[in-house]
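So you can see what is in the structure, the chains are spelled out below.
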Amino acid sequence: MKRKLLLFSTIATLAFALCGCDSKDSKNDAKEEVTTEATTEATTEAQDISEQTVPAERGVVENGVYTNEAFKISFPIAEDWYVCNDAEIAQIIGFTADNLDENSSMTVEQFEAATSGTVYDCVFYFSDMQSNANITLTSLNRLAQYATLPTEDYAELSISQLEAMSTPKYSFKETTHETCGGDDYVCITAETDQGYNQKMLLKKENGYMVIITLTYLPELEGEMQAFLDSFIEVN
């Protein structure tokens, strides 16, 4: 099914990047360089990380709007988008359980156990039913020595991991900052040799690394920007 194939590329990409950042044994030059650059900011940011005042929770879709109050993300869901239920997300990431049926919901704890720490909070397809978005949450405690990296350096480290992949092959643009729903995100934008582009928006919130990944066909560039422009500020 074409829709699944494109989404599998998204999931595999994200999993690779986070796996590389979580590995204590991997010590290539790119990682050492990023870690060195982050040293002066690490102590202050470590204090911020420890101030997790709200328990992690998953977002909900109500009245056509997705909202995750704990992680300050909200946006309207268009009528021609398809939002995956938890059973479909579980199937996509290869998680199966006897007690998970079509109407079941997965908790934060179930996701973290199934994926070694990553919560797939929301996965949906845009109007072409191939281009898609997923919102993932990874506890900074799971990122070991990389937890205190400033988000900009974490993004660069992720890029170095993705560039090491043979399939897909990435061509990255300059890392930027964008404001969506009143929050600042570090943005990674790339083209691939597989006919689709990707954009990742990263921020730290409530003790987690939040990553919004867009995987889309080039002709939907305008719809991707309209989606980001639609974010609603969460107080």
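Residues numbered from 1 in each chain as written. Predicted model: local features only at pLDDT ≥ 70, side-chain atom pairs only at ≥ 80, totals over all residues. Heavy atoms only, no water.

### Observations concerning the overall build of the chain
Test applied: Strands here are runs of E lasting at least two residues and helices are runs of H or I lasting at least four, both read from the DSSP assignment and numbered beginning at the N terminus. Contacts were defined at the residue level, with two residues in contact if any of their heavy atoms lie within 4.5 Å. Surface exposure here means Shrake-Rupley accessible area, sampled with a 1.4 Å probe, where a residue is shielded only by the protein chains that are shown.
When you go through the chain residue by residue, the secondary structure sums to six helices and 11 strands. Considering only contacts in the chain between residues 6 or more positions apart, those separated by 24 or more positions represent 60%. Accessible area of the chain: about 11,300 Å², with a carbon and sulfur share of 47%.

### Some remarks on the nonpolar core
The criterion, for reference: Put simply, a nonpolar core is a bunch of buried Ala, Val, Leu, Ile, Met, Phe, Trp, Tyr and Cys residues held in one set by side-chain atoms that sit within 4.5 Å of each other. For the exposure calls, accessible area comes from a 1.4 Å probe over protein chains only, and a residue counts as buried if that area is under 20% of its type's maximum, exposed if over 50%, partly exposed in between.
In terms of nonpolar packing, the biggest core is built from 38 residues, with Ile73, Phe75, Phe126, Leu214, Phe227 and Phe231 touching the most fellow members. Broken down by secondary-structure element, the contributors of at least two residues to this core are strand S3 (73-76), helix H3 (86-92), helix H4 (108-115), strand S5 (118-125), strand S6 (132-139), strand S9 (183-192), strand S11 (208-216) and helix H6 (221-229). In terms of residues, this core owes the most to one element, S5, which gives six residues. Those residues within four positions of Leu214 in sequence are excluded, and the remaining contacts are Phe126, Asn132, Ala133, Asn197, Gln198, Lys199, Met224, Phe227 and Leu228. Ranked by size, the runner-up nonpolar core spans 19 residues in total, among them Tyr154, Ala155, Tyr170 and Val186.

### Some details on the packing of aromatic side chains
Aromatic ring pairs are defined here through the distance separating the ring centres and the angle between the ring planes. What counts is decided by this rule: Think of it this way: a Phe, Tyr or Trp ring, Trp meaning its six-membered ring, pairs with another when their centres are within 6.5 Å, and the plane angle makes it stacked under 30 degrees, edge-to-face over 60, tilted otherwise.
Tallied over the entire structure, the rule returns 14 aromatic pairs. Plain terms: the ring middles of Trp81 and Phe227 are 5.8 Å apart, the flat faces sit at 75° to each other, and that makes the pair edge-to-face. Separated by 146 residues along the polypeptide, Trp81 in the loop between S3 and strand S4 (82-83) and Phe227 in helix H6 bring together distant segments of the chain. Take Trp81 and Phe227: they sit in the same class, and that class is buried. An aromatic cluster of at least three residues, connected via ring pairs, comprises Tyr66, Phe75, Trp81, Phe124, Phe126, Phe227 and Phe231.

### Concerning the environment of Asn206
Turning to its location among the elements, Asn206 is positioned in the loop between strand S10 (197-205) and S11. Sequence separation between Asn206 and Leu140 is 66 residues; the distance between their C-alpha atoms is 9.4 Å.

### Remarks on the pattern of salt bridges
Short version of the rule: Whenever Lys or Arg places a side-chain nitrogen within 4 Å of a carboxyl oxygen from Asp or Glu, that contact is recorded as a salt bridge.
Following the criterion strictly, the structure yields six salt bridges and no others. Measuring nitrogen to oxygen at the nearest pair gives 2.6 Å for the salt bridge that ties Arg58 to Asp86. Here Asp86 lies in helix H3 and Arg58 lies in the loop between helix H2 (29-50) and strand S1 (60-62), a separation of 28 residues in the sequence. Per residue, the accessibility class of Arg58 equals that of Asp86, and both read buried. What emerges from the salt-bridge pattern is a single network uniting Lys72, Asp183, Lys203 and Glu205.

### Remarks on helix H5 (residues 151-163)
Worth spelling out the cut-off: A helix's residues, less one, multiplied by 1.5 Å, set its expected span.
Here H5 spans 18 Å end to end across 13 residues, near enough to the 18 Å set by a 1.5 Å rise per residue. Among the 13 residues in H5, 10 count as buried, and that is most of the element.

### Things to note about unusual backbone geometry
The omega torsion of the bond from Thr167 to Pro168 falls at -5°, within 30 degrees of zero and hence cis. Examined against the element boundaries, Pro168 turns out to sit in the loop between H5 and strand S7 (170-172). Of note, Lys72 is a non-glycine position whose phi angle comes to about 55°, a positive value. Among the secondary structure elements, Lys72 is positioned in the loop between strand S2 (65-68) and S3. Since its relative accessible area comes to 34%, Lys72 is described here as partly exposed. The phi torsion at Asn206 lies on the positive side, around 55°, for a residue other than glycine. Look at Asn206 and you get buried, because its relative accessible area is 12%.

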